[in-house]
Amino acid sequence: MTAGSASMAAVAGNRADLSAARPLFFREQAQVLSNATLAAGLHELRLESPRIASAAAPGQFVNVLVAEGWDPLLRRPMSIAGTGPGVITLIYKIIGRGTAAMSTWQPGDRADLLGPLGRGWEVPADGFPVLLGGGVGIAPILYLRQHLAAAGRTHHLIMGARTIGEHFLGHEPEAGITLTSDDGSVGIGGTILDGLAHFRESLNPSGGPLSLFGCGPPAMLAGLQRLATREDVPCQLALEQTMACGFGFCQGCSVAMRPRPEPAAHSYRSRYKLACIDGPVFRAGELL
Amino acid sequence: MTAGSASMAAVAGNRADLSAARPLFFREQAQVLSNATLAAGLHELRLESPRIASAAAPGQFVNVLVAEGWDPLLRRPMSIAGTGPGVITLIYKIIGRGTAAMSTWQPGDRADLLGPLGRGWEVPADGFPVLLGGGVGIAPILYLRQHLAAAGRTHHLIMGARTIGEHFLGHEPEAGITLTSDDGSVGIGGTILDGLAHFRESLNPSGGPLSLFGCGPPAMLAGLQRLATREDVPCQLALEQTMACGFGFCQGCSVAMRPRPEPAAHSYRSRYKLACIDGPVFRAGELL
Amino acid sequence: MDVSLRTSLGSKLVLAAPVMTASGTFGYGDDAPAAVDLGALGAVVTKSITRHPREGHPPPRISETPSGLLNAIGLANIGVDEFCRERLPALAHIGSVVIVSIAGSSMDEYAEVLSIIEAHDPDIGGYEINVSCPNVAEGGMEFGVDCAMTESLTRRLRDLTGRFLMVKLSPNVTDIGDIARSAEGGGADALSAINTVVGMDIDPASGRPSLHTVLGGLSGPAIRPIALACVYKVARAVQIPVVGLGGISDADDVIRFLQAGAAAVQIGTANYRDPAIAVQIIAALRERLAGMGLAAPSDLPGVAA
Amino acid sequence: MDVSLRTSLGSKLVLAAPVMTASGTFGYGDDAPAAVDLGALGAVVTKSITRHPREGHPPPRISETPSGLLNAIGLANIGVDEFCRERLPALAHIGSVVIVSIAGSSMDEYAEVLSIIEAHDPDIGGYEINVSCPNVAEGGMEFGVDCAMTESLTRRLRDLTGRFLMVKLSPNVTDIGDIARSAEGGGADALSAINTVVGMDIDPASGRPSLHTVLGGLSGPAIRPIALACVYKVARAVQIPVVGLGGISDADDVIRFLQAGAAAVQIGTANYRDPAIAVQIIAALRERLAGMGLAAPSDLPGVAA
Ligand SMILES: Cc1cc2nc3c(=O)[nH]c(=O)nc-3n(C[C@H](O)[C@H](O)[C@H](O)COP(=O)(O)OP(=O)(O)OC[C@H]3O[C@@H](n4cnc5c(N)ncnc54)[C@H](O)[C@@H]3O)c2cc1C
Ligand SMILES: Cc1cc2nc3c(=O)[nH]c(=O)nc-3n(C[C@H](O)[C@H](O)[C@H](O)COP(=O)(O)OP(=O)(O)OC[C@H]3O[C@@H](n4cnc5c(N)ncnc54)[C@H](O)[C@@H]3O)c2cc1C
Ligand SMILES: Cc1cc2nc3c(=O)[nH]c(=O)nc-3n(C[C@H](O)[C@H](O)[C@H](O)COP(=O)(O)O)c2cc1C
Ligand SMILES: Cc1cc2nc3c(=O)[nH]c(=O)nc-3n(C[C@H](O)[C@H](O)[C@H](O)COP(=O)(O)O)c2cc1C
Ligand code: FES
Ligand code: FES
C-alpha cells in the first residue's frame, strides 16, 4: 500500500527544462461527488479536489490511483474535462481494470489523485479556434472550450463518435457545435475530418485562418497532423501515451519528434520528448 | 482474472486417501444477504449459497475469492459458522487485505466460493460435548452447536474473548453457555481453559466423560491439547493453517503429526497431514 | 470459423489442446476432481515422482507475495513404487494424456525412477524431467543450472525410453538458452519453461522467514513476464518444441506464450483458484482464436513477425 | 523510545536514514519536487550517467504487468558533461547525500565518466556502478553477469576514486553470491541489489511485444521476493554492507530487507505512485521501530537469529 499521506500534500513538480518554472502539483484525496453515465460508453466523474481545481489549466491531466493493492500497479492518467469551484470533472471510458474500478466509485468515496500534471493547450491570439474531440478524447477539448467560453472567445466544437448514442450534446452548427457519426445517425456522417471539411466549406467559406486543437484516437490525430502539415494550419494535439509516473521521473512516456536542424539544448530530449512534462499537448508540426 | 464459470460448477473433490469416498465441492457465486458487525472485531456474513449449504457439515470451510485482480492471489479459507435453507453464515475478523475487502461487500454483491471443503468434526456417541471457541475460532464451534442442537444432544459451549464487547452471546451457564474474558468484564475471568476448569468443577462435578471440541488461537489449542493428552480426554481441534488451494492440490497446508509406531499406508502423509483434506479438524492426540 | 486446438509436440505426442496442467499443481491425474473434464485437457503433468516416498519440508511451506506464491513443498510425493502400483493403472483411463514428472537428487535416482515406470510399459504420453532439484553428489548444485549436467542427465534418460521426453528448465540461470541447447543436445523431444523463480519472504512482525526453508520458489502472475522472456529466448535457441508456463491465468496469457514461441502451455498456480480453470481457459482460447479468424493456435503470428 | 535512523555504510558514508531513492526512478536529485523533503532521505541515487547524452530507446518503453512494471528506457540521460556543468553544482545544496550512478558500454566509458566527475571534486556521497549494461566490446554480454568483468571493472574504478564506491548487482545470474564476491574483491565499499529482472510482455490483441526492445527489465512489488532472496544470499557472501532494493513499497518491506541482511534500502518503482513516498516510508519506519521498542534499524534481528 502506498504510505498514507495527509489529504493534501503539496508536491512541487519536476521542471520541464532548466529555464522553465517548476510547476506545482498535489497529491489530493478527492471526494467523489457524482459518477454517472454521460453517453453510451462514456462516464463522467465529478470530484471535489480544491487544490487541483484551482491550479489546473486546460489540457492538463490528473493521475488517478485505481487500486489499494499492487495490481494494477500504476496510476491512470485522465485529462481534466472541466473545473468548477473546488471541483474537477473527468470523462472516462471503461477499457480495462483500472477504469472498471473507477466506475464502481460512489459519491462520498475518496479518489487519490496527483495533479494537475502536464503542459496544456497554448491559445494563440490569432486564428479561429476549432476544437476537435473524438470519442473519449473529448475531455481536454471540453475543458479548453470552457476556458474559451469564459474568455468570451468564439470558437467551433466538432465532436466525433461512432453513433448517436455515444453523443451527449446536440448537433447545432449555428451554435458552434458540429457532431459527426460514423454511421450517419446524427450530424455529419463520417469522421471528425469530414466534420472539419464540412465546417470549412459551409461555416468558414471565406477561409479565414484557423487554429486547430485535437484529441482523439490515433487515426484521427494522424489525419489532423497530415492536414495541418499539408495546409500549414496551426494545430495542437493532445496525446495519450502510456505513463508510469506522469511527472517526468520514469522517462517512459517518450514521444518521437520530427528531427530538427538546430542542436537542442537537451540533446537527449530532442529526438524523444516526454508526454507527461513536455506534453501531453504538442504542436502537430513537431511530432514525427 | 479467473476465467468466468457458470454460477455453479460441480467439482468433485480430491480424495483424502484411497479408501475414502471422493467428497464433492462446488464453485458457487453466492449472493450476499447481509454483512454486519456481530461484536467488536467480528463480522457476520450471510450468503445465499444453496449448493454449498446443502452439502456442508460442521467443521468444513469455504474458500473465498477476495480479489478480482491478482493481488491478493489466493482465496481465503473461512469456516462455515452455520447453515439455513440455501444459506451459509461466515464469521470473520479483519486482519489483512482479504478480510478488509470482504468487509466492503454489500447485500446483493456476489461472492465467489469453493466449498464445502475439508473434513469436519466427528461426533462420537459417548461423552458429553463441550464446545470451546476462542475469538474468531467460534465459527466452526457455532456450526457444531447448531448440529448438536438439531439432533437434540445436550452440550456446553464455552466462548472466550478478551473483553465483554467481543462477545455476542450472554453468559448463561445453566443454559449451556459459559463466557470467559481476559479482563473479567463478563463471565469467568481468564482464558477458555479457566472456563473449562470452572465447568468441570461446578457443572460437571461428577466427572462424567467429556468430549472436547476446540477452535481458537494457537495458545488455546496448545493448552487444550496438553490437557487432553494429560488427562486422556477425547478432543478434536480445528486448525487454521495457511492454504493455497484448500482441496489437496498444493501440499502447502501441511500439519506435523506425532510419530506413529505402525507404518502408514501413505508414508508421505504420515509425518505431515494436509489441513485442507485430512483436516482442518484433527484429534488432539495425533498432532505433534 | 472452426478452430482446431490439436497440437503435436514433435512426432511422438499429439495433444487435444495446447494446454496442460503443471507438475505439482494438479495432483497425480487420477485424483482430479470429477467435474474437471480431463478429456478437454491437452495433458496432465503429474506431481514429480521420486524413488522413495518423500514427506516434504516442515511447515510453513507456502506464503503469498504480490501477485505471487512462494512455495517450498520439498517434493512431497508417494514415491515411484506406490505410484506404479496404485496410480499408473488408473491413469490409462482418465481421458487425458498423462505426462509423468520425474525428480531425483542424483542421476541414478532419475534413471531408476524412469526405468521402474518403463518396466510397467505404461499407457502414458511421456515424461517431464524436473531438473530443478539439488544434485546431492555435486554438493547440492541444481542439475538445471549446469549445461554439462543437464546434457548428460538428458542423454542418460533418453537412452532409457523411446517415449516423449521433455526437460523442464529452471529460470535461475544466467543464460537459459545455453541450458536449453544442452537439453536438446542430450536428446530431449521438447523443453518446458519455467520452473519457479528463487524467492524469499519475511514476516516483518516476527522477523521470521515465511518459509521453513527460508528460500523457496516463486510462481503465479508475478513471474509471467520473466517466464515469457525465458520462453522467447529458449524458442530462439532450439529447434524442438517449447512448452511455456509461469503465471498463466487466462486465454490472453496463453496467447502471449504461443506468440513468444511456445507450442503449448501449462497452467500451474491458477489451478488453486479453481481446479477447472485449465478447462475454462481452453474453451476461452477456442473462442478467442475464432474471434481472431484463426483456424489453429499455430496461425498466431509470432512476435518476430 | 527514541529511534535513530543514522546508518553508516562502511567508513566512508553516513546516511540520515537507511532509505534512498533508486537510480532511474527519481531524476538527478536537483530536479526533485520541492515538497519532497530531501533532507529526510538517506540519499538520492541519480539516473545513470553515461559519457555522452543518450536519447534512449524508441517507444513503447514501459508496460504494466501483474504487480510489476517492465521498462526499456535505454539509459536516456543528459551525459556526463552536461551533468557536471548544469547539475553537479546544484547537487551540493539539495540537503541530501547524492550518489551518482554511472553506466557505460565499455570499461573505458565507465572510467571516463567517473574521472570527469572526479575532476570536478564534487560534493557527493560517492558512486553506484550500474553493471547491468551490455559490454559492447565483449559482444554485448552484460558486465554484471560475469565475475571476471565485474571484478576488473570494479578495480579499475576503485583506482580512480577514494570515494564510496557501490556496485549494483544484476539478479539475472546463476549465482549472485559469486558476482558479489567479485565486486568485493575488486574493492567495492558496498553492494546494491537488485537491478531489474529480465522480462517481456506481449499485447495479446495485436501480438506485438509491449516494449520496442522486446525484452526489458521487471521492477515493482512482483519482484520483491526475488530481490529479498538475492539480498539474503549476497549478505551471506560478502563482508561489506549491502543495500537492498526491488519492489520496496512500505515500511514493512524495508524491515523485510533489513532483516534479510541489508544495511539500507532503495525505493524505485514506488516513487511513481507518489514522489514523496520514500520520505513517508522513513517516517513510518521510525514509528514501526519505536513500536517494536527498538532504538535503531540495526537492532532488528536478522532472519538467521
Ligand atoms: C495524458 C492522458 C490523458 C488521458 N485522458 C483520458 C481521459 O480523459 N479519459 C479516458 O477515458 N482516458 C484517458 N486516457 C487514457 C487512460 O489513461 C486509459 O484508458 C487508462 O489508463 C486505461 O486503464 P485501464 O486499467 O482501464 O486499462 P488497462 O487494463 O490498462 O488497458 C486495457 C487495454 O488498453 C490499452 N491501453 C491502456 N492505456 C492506453 C492508452 N493510454 N492508450 C491506448 N491504449 C491504452 C492497454 O494496452 C490494454 O490493451 C488518457 C491518457 C493519457 C496518457
Ligand atoms: C480452515 C480455515 C478456517 C478459517 N476460518 C476462519 C473463520 O471462520 N473466520 C476468520 O476470520 N478467519 C478464519 N480463518 C483464517 C482466515 O483464513 C485468515 O484470517 C485470512 O486468510 C486472512 O486474510 P487477509 O487477507 O485478511 O490477511 P492477510 O493479509 O493474508 O494476512 C495478514 C496477517 O495475518 C497472517 N495470517 C494470514 N492467515 C492466517 C491464518 N490462517 N492464521 C494466522 N495468521 C494468518 C498473515 O501472515 C499476515 O501476517 C480460517 C483459516 C483456515 C485455514
Ligand atoms: C505448490 C507448488 C508445487 C510445485 N511442485 C512442482 C513439482 O513437483 N515439480 C515441478 O516440476 N514443478 C513444480 N512446481 C512448479 C510448477 O509446475 C510451475 O513450473 C511453476 O509454478 C510456474 O508456473 P505457474 O506460475 O503457472 O504456477 C510447483 C509449483 C507450486 C506452486
Ligand atoms: C523506469 C526505470 C528506469 C530505471 N533506470 C535505471 C538506471 O538508469 N540505472 C540503474 O542502475 N537502475 C535503473 N532502474 C532500476 C532501479 O533502480 C531498480 O534497481 C529496480 O527498478 C528495482 O527496484 P524497484 O522494484 O523498487 O523499482 C530503473 C528502473 C525503472 C523502473
Ligand atoms: S510518465 Fe514518467 S516520465 Fe512521463
Ligand atoms: S491447501 Fe493446498 S493442499 Fe491443502
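Scroll up to find the structure.
Attention here is on the structure that accompanies the text. (Residues numbered from 1 in each chain as written. Chains lettered and ligands numbered in written order. Predicted model: local features only at pLDDT ≥ 70, side-chain atom pairs only at ≥ 80, totals over all residues. Heavy atoms only, no water.)

It is worth spelling out the interface of chain A and chain B at this point. With 5 residues of chain A at the interface, the matching set in chain B holds 5 residues. Both sides of the chain A and chain B interface together cover about 380 Å² of buried area, and 63% of this is carbon and sulfur. Across the contact surface, chain A and chain B share 2 residue pairs in polar contact (both at pLDDT 80 or more). When the residues that make up the side of chain A that touches chain B are grouped by side-chain class, the tally is 2 nonpolar, 1 polar and 2 charged. (Contact = heavy atoms within 4.5 Å. Buried area = accessible area lost by both parts, 1.4 Å probe. Polar contact = N/O pair within 3.5 Å; in protein donor to acceptor, adjacent residues only side chain to side chain. Nonpolar A, V, L, I, M, F, W, Y, C, P; charged D, E, K, R; others polar.)

Residues and elements named next belong to chain D. Taken as a whole, helix α4 (residues 176-185) has its buried residues at I176, G177, I179, A180, S182 and A183. The elements touched by buried residues of α4 are α3 (147-158), β11 (164-169), β12 (190-193) and α5 (224-237). Capping the start of α4 is the job of one residue whose side-chain oxygen sits 2.9 Å from the backbone nitrogen of G177: D175. In the segment just after α4, G187 is the residue with positive phi, at about 105°. (Buried < 20%, exposed > 50% of the residue type's maximum accessible area, 1.4 Å probe, protein only. Helix = DSSP H or I, 4+ residues; strand = E, 2+ residues; numbered from the N terminus.)

Attention now goes to the interface of chain D and chain A. Contact residues are listed per partner, giving 45 residues for chain D and 45 residues for chain A. Buried area between chain D and chain A, summed over both chains or domains, comes out near 3700 Å², and the portion from carbon and sulfur atoms is 57%. Counting across the chain D and chain A interface gives 2 salt bridges. As a salt-bridge pair, R76 of chain A and E64 of chain D come within 2.8 Å of each other at their nearest N and O atoms. Where chain D touches chain A, the interface holds 13 residue pairs in polar contact (both at pLDDT 80 or more). At the level of elements, β5 (62-65), β6 (68-71), α1 (80-91) and α7 (277-291) of chain D are the ones that each hand at least two residues to the side of chain D that touches chain A. Residues belonging to the side of chain D that touches chain A are distributed by class as follows: 19 nonpolar, 13 polar and 13 charged. (Salt bridge = Lys/Arg side-chain N within 4 Å of Asp/Glu carboxyl O.)

Another point: the relation of the copies chain A and chain B. Expressed as a screw transformation, the operator carrying chain A onto chain B has a rotation angle of 180° and an axial translation of 0.1 Å, and the superposed copies differ by an RMSD of 0.0 Å. The symmetry that links the two subunits is that of a two-fold axis. Closest approach to the rotation axis among the C-alpha atoms of chain A is made by D71 of chain A, whose C-alpha sits 2.8 Å away. Interface residue correspondence from chain A to chain B reaches 100%, placing this contact among same-surface, isologous pairings. (Least-squares fit on C-alpha atoms with pLDDT ≥ 70 in both.)

What follows covers the nonpolar core. I117 of chain C together with I117 of chain D are the most contacted members of the largest nonpolar core, which totals 278 residues. Setting aside its immediate chain neighbours within four residues, I117 of chain C contacts V80, F83, C84, L88, V100, I102, P122, I124 and Y127 of chain C. (Core = buried A, V, L, I, M, F, W, Y, C linked by side-chain atoms within 4.5 Å.)

What follows is about the environment of V62 of chain A. All names here are of chain A. One can find V62 in strand β4 (residues 61-64). Under the relative-accessibility criterion, V62 is labelled buried at 0%. As a C-alpha pair, V62 and M78 span 16 residues in sequence and 5.5 Å in three-dimensional space. Setting aside anything within four residues of it in sequence, one finds V62 in contact with I52, R76, P77, M78, I80, I88, L90, L114 and G115.

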